[in-house]
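Examination of the molecular architecture
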Protein chains: 2
Amino acid sequence: MRLTKFTDVALRGVMKLAVLDPDDSQTTQEVSAAVGVSYQHMAKAVARLRSLGVIEATRGRGGGLVLTGLGRKASVGWLVRKLESEDEVVTCEGSSPCPLRGACRLRSALRGAQEAFYASLDPLTVSDLVGEPTRQVLVGLIGRREA
Amino acid sequence: MRLTKFTDVALRGVMKLAVLDPDDSQTTQEVSAAVGVSYQHMAKAVARLRSLGVIEATRGRGGGLVLTGLGRKASVGWLVRKLESEDEVVTCEGSSPCPLRGACRLRSALRGAQEAFYASLDPLTVSDLVGEPTRQVLVGLIGRREA
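What comes next is a walk through the structure. Everything numeric in this text was worked out from a predicted model, so none of it was measured. (Residues numbered from 1 in each chain as written. Chains lettered and ligands numbered in written order. Predicted model: local features only at pLDDT ≥ 70, side-chain atom pairs only at ≥ 80, totals over all residues. Heavy atoms only, no water.)

**A short note on the overall build of chain A**
Quick reminder of the rule: Helix and strand definitions here come from DSSP, where helices need a minimum of 4 consecutive H or I residues and strands a minimum of 2 consecutive E residues; each element is numbered from the N-terminal end. Partly exposed describes any residue whose relative accessible area lies between the buried limit of under 20% and the exposed limit of over 50%, with all areas from a 1.4 Å probe on protein chains only and scaled to the type maximum. Residues are treated as being in contact if the distance between any of their heavy atoms lies within 4.5 Å.
Looking only at helices and strands, one finds 8 helices and 2 strands in chain A. Secondary structure elements in chain A, listed N-terminal to C-terminal, are α-α-α-β-β-α-α-α-α-α. Expressed as a percentage of the 147 residues in chain A, the buried residues total 50%. Of the contacts formed within chain A by residues at least 6 apart in sequence, a portion of 68% connects residues at least 24 apart.

In structure tokens form, the structure reads like this:
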């Protein structure tokens, strides 16, 4: 069972931004370098996180990305649901649809299991994710700010 | 969130074999054609299912694959755990390991969510999966036996 790389990258970015001081911000370049992913991957995740209202960009000299209040309080279950597509865990439809798809007990069982996965993340907030010992590691991860 | 194609194929094969009459068997070719997957994919899944003791091959003229007693009673949660690799839902280790991997609250949360996914499938057996209306569809899927 796998989550997408996109979700992984987005969650790392959110966690890094969640440990910044209140008046601090970081660029996409800094965040991506800090958490060990490519700039291109992080830029795509940042665009989605901005559209979700989880992060926002501050302007001007020294400007960059910050976590919003909504982002800080966001449920991890909600966030992962939004970052993953609406797809099912196996491909029932599509160009080569499964002949069972109309009346499949497996399909409904897998939908239930997928919901159990997300539900287990619902009580957790982004702030919870960056409690110790994770916070200390995140604070120590320094990404270079581009010139 | 996705399961592997391998797991999908294996589960379809198990379900098809679960609705055969007690003295009937089917070849890999027949099963793969019936459930709409390639012979090559089904052959790989069959090898794994045999090693798990879920299906067995009968010899001689008219021989083929049958579900074992263990296969019929197997928990879907157990089976999906066995078919999926032991991997985590995101890649923390590997050639480009995540810098958070040693002290990551997200990692432990995702492990818990993964376990919740499997646990929701634990009470279900293979026999449960082929109850109506799924049984009727499965019985009607006919794969050609190779000459």
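Next comes the rest of the description.
**A short note on helix H2 (residues 28-35) of chain B**
Residue and element names in this part refer to chain B. Within H2, 6 of the 8 residues are buried, leaving the element largely enclosed by the surrounding structure. Within the span of H2, buried status applies to Thr28, Glu30, Val31, Ser32, Ala34 and Val35. Looking at the buried residues of H2, the elements they touch are helix H1 (5-18), helix H3 (39-51) and strand E2 (65-67). In the stretch just after H2, Gly36 is the one whose phi turns positive, near 75°.

**Notes on the layout of surface pockets**
Residue and element names in this part refer to chain A. This is how it is decided: A pocket, in this scheme, is an open set of points on a 1 Å grid over the protein atoms alone with protein on both sides within 12 Å along at least 5 of 7 lines, while a cavity is a set where a 1.4 Å probe fits but cannot get out; residues line either one if an atom lies within 4 Å of a point. Grid points are joined across faces, edges and corners, and a volume is the space filled by probe spheres set on the points. The residue classification treats Ala, Val, Leu, Ile, Met, Phe, Trp, Tyr, Cys and Pro as nonpolar and Asp, Glu, Lys and Arg as charged. All others, Gly included, are polar.
Looking at the largest pocket, its volume works out to about 170 Å³. Around the largest pocket sit Arg81, Lys82, Ser85, Glu86, Asp87, Arg111, Gln114, Glu115 and Tyr118, which together line it. Of all the secondary-structure elements, those providing two or more residues to the lining of the largest pocket are helix H5 (76-83) and helix H6 (105-121). Looking at the lining of the largest pocket, its residues break down into 1 nonpolar, 2 polar and 6 charged.

**So, the relation of the copies chain B and chain A**
Under the convention used in this document: Superposition of the copies was done by least squares, using only C-alpha atoms of residues whose pLDDT is at least 70 in both.
When chain B is brought onto chain A, the operation consists of a screw motion whose angular component is 180° and whose axial shift is 0.0 Å, with 0.0 Å RMSD remaining. Taken together, the turn and the small shift mark the pair as related by a two-fold rotation axis. Looking at the interface residues of chain B, 100% of them are also at the interface in chain A, so both copies use one shared face.

**Re helix H3 (residues 39-51) of chain A**
Residues and elements named next belong to chain A. Using the following cut-off: By this rule, a helix spans an expected 1.5 Å times one less than how many residues it contains. The arc in question is traced by the directions running from the helix axis to the C-beta atoms.
The terminal C-alpha atoms of H3, which comprises 13 residues, lie 18 Å apart, in line with the 18 Å expected from a rise of 1.5 Å per residue. The set of residues buried in H3 consists of Met42, Ala45, Val46 and Leu49. One side of H3 holds all its buried residues, which, seen down the axis, span an arc of 110°. More than 90 degrees from the buried face of H3, the exposed residues found are Gln40, Lys44 and Ser51. Against helix H1 (5-18), helix H2 (28-35), strand E1 (55-57), strand E2 (65-67) and H5 lie the buried residues of H3. Looking at the residues trailing H3, positive phi occurs at Gly53, about 80°.

**Comments concerning the packing of H2(B) against H3(B)**
Residue and element names in this part refer to chain B. Stated formally: Angular values range over 0 to 180 degrees, each being the angle between N-to-C directions of two axes fitted as lines to C-alpha atoms, with helices fitted over their stretch in contact. An angle below 35 degrees is read as roughly parallel, one above 145 as roughly antiparallel, one from 65 to 115 as roughly perpendicular, and any other as oblique. Take the far helix as your reference; a near helix turned counterclockwise from it by less than a right angle gives a left-handed crossing, and one turned clockwise gives a right-handed crossing.
Remark: H2 packs on H3, axes separated minimally by 9 Å, with the N-to-C direction vectors making an angle of 120°. With respect to H3, the axis of H2 lies oblique. Along this stretch, H2 crosses H3, giving a crossing that reads as right-handed. Judged by residue contacts, Thr28, Gln29, Val31, Ser32 and Val35 of H2 engage Tyr39, Met42, Ala43 and Val46 from H3.

**Description of the interface of chain B and chain A**
What counts, and what does not: A 1.4 Å probe defines the accessible area here, and the buried area is the portion of it lost by two parts on being joined, summed over both. Every case where a carboxyl oxygen of Asp or Glu lies within 4 Å of a side-chain nitrogen of Lys or Arg is listed as a salt bridge. Pairs of N or O atoms are called polar contacts if they sit within 3.5 Å, as long as, within protein, a hydrogen donor faces a hydrogen acceptor (for residues adjacent in sequence, only side-chain-to-side-chain pairs).
Taken residue by residue, the interface counts 45 residues in chain B and 45 residues in chain A. The junction of chain B with chain A conceals about 4,000 Å² of combined surface from both sides, 66% of it contributed by carbon and sulfur atoms. One can count 0 salt bridges joining chain B with chain A. Between chain B and chain A we count 21 residue pairs in polar contact (both at pLDDT 80 or more) in total. Residues of the side of chain B that touches chain A, tallied by class, amount to 28 nonpolar, 8 polar and 9 charged.

**A look at unusual backbone geometry**
Most peptide bonds take the trans configuration, and most residues that are not glycine carry a negative phi. Note the cis peptide between Glu132(A) and Pro133(A), where omega equals 5°. Note that Pro133(A) resides in the loop between helix H7 (126-129) and helix H8 (134-140).

**Side note on the nonpolar core**
Nonpolar side chains in soluble globular proteins generally cluster together in the buried interior. Test applied: Side-chain atoms within 4.5 Å link the members of a nonpolar core, which is a set of buried Ala, Val, Leu, Ile, Met, Phe, Trp, Tyr and Cys residues.
Counting 94 residues, the largest nonpolar core has Leu79(A), Phe117(A), Leu79(B) and Phe117(B) as its most contacted members. What Phe117(B) contacts, discounting residues up to four positions off in sequence, is Met1(A), Val89(A), Leu110(A), Ala113(A), Gln114(A), Phe117(A), Met1(B) and Leu3(B).

**Remarks on the pattern of salt bridges**
Throughout the structure, instances matching the rule amount to 14 salt bridges over all chains. Put simply, Glu93(B) and Arg101(B) hold a salt bridge, and the shortest N to O gap is 3.3 Å. Taking the relative accessible area as the measure of exposure, Arg101(B) reaches 32% and is therefore partly exposed. Through salt bridges with shared partners, a single network forms among Glu88(A), Glu93(A), Arg101(A), Arg107(A) and Arg111(A).

**Focus: the packing of aromatic side chains**
Residues and elements named next belong to chain A. Under the convention used in this document: In summary, the pairing rule links any two rings of Phe, Tyr or Trp, Trp by its six-membered ring, whose centres are within 6.5 Å, and it sorts them by plane angle into stacked for under 30 degrees, edge-to-face for over 60 and tilted for everything else.
A full pass over the atoms with the stated rule returns 2 aromatic pairs over all chains. Between the aromatic rings of Phe117 and Tyr118, the centroid separation amounts to 5.7 Å while the plane-to-plane angle is 85°, which identifies the pairing as edge-to-face. Accessibility classification places Phe117 together with Tyr118 in one group, the buried group.

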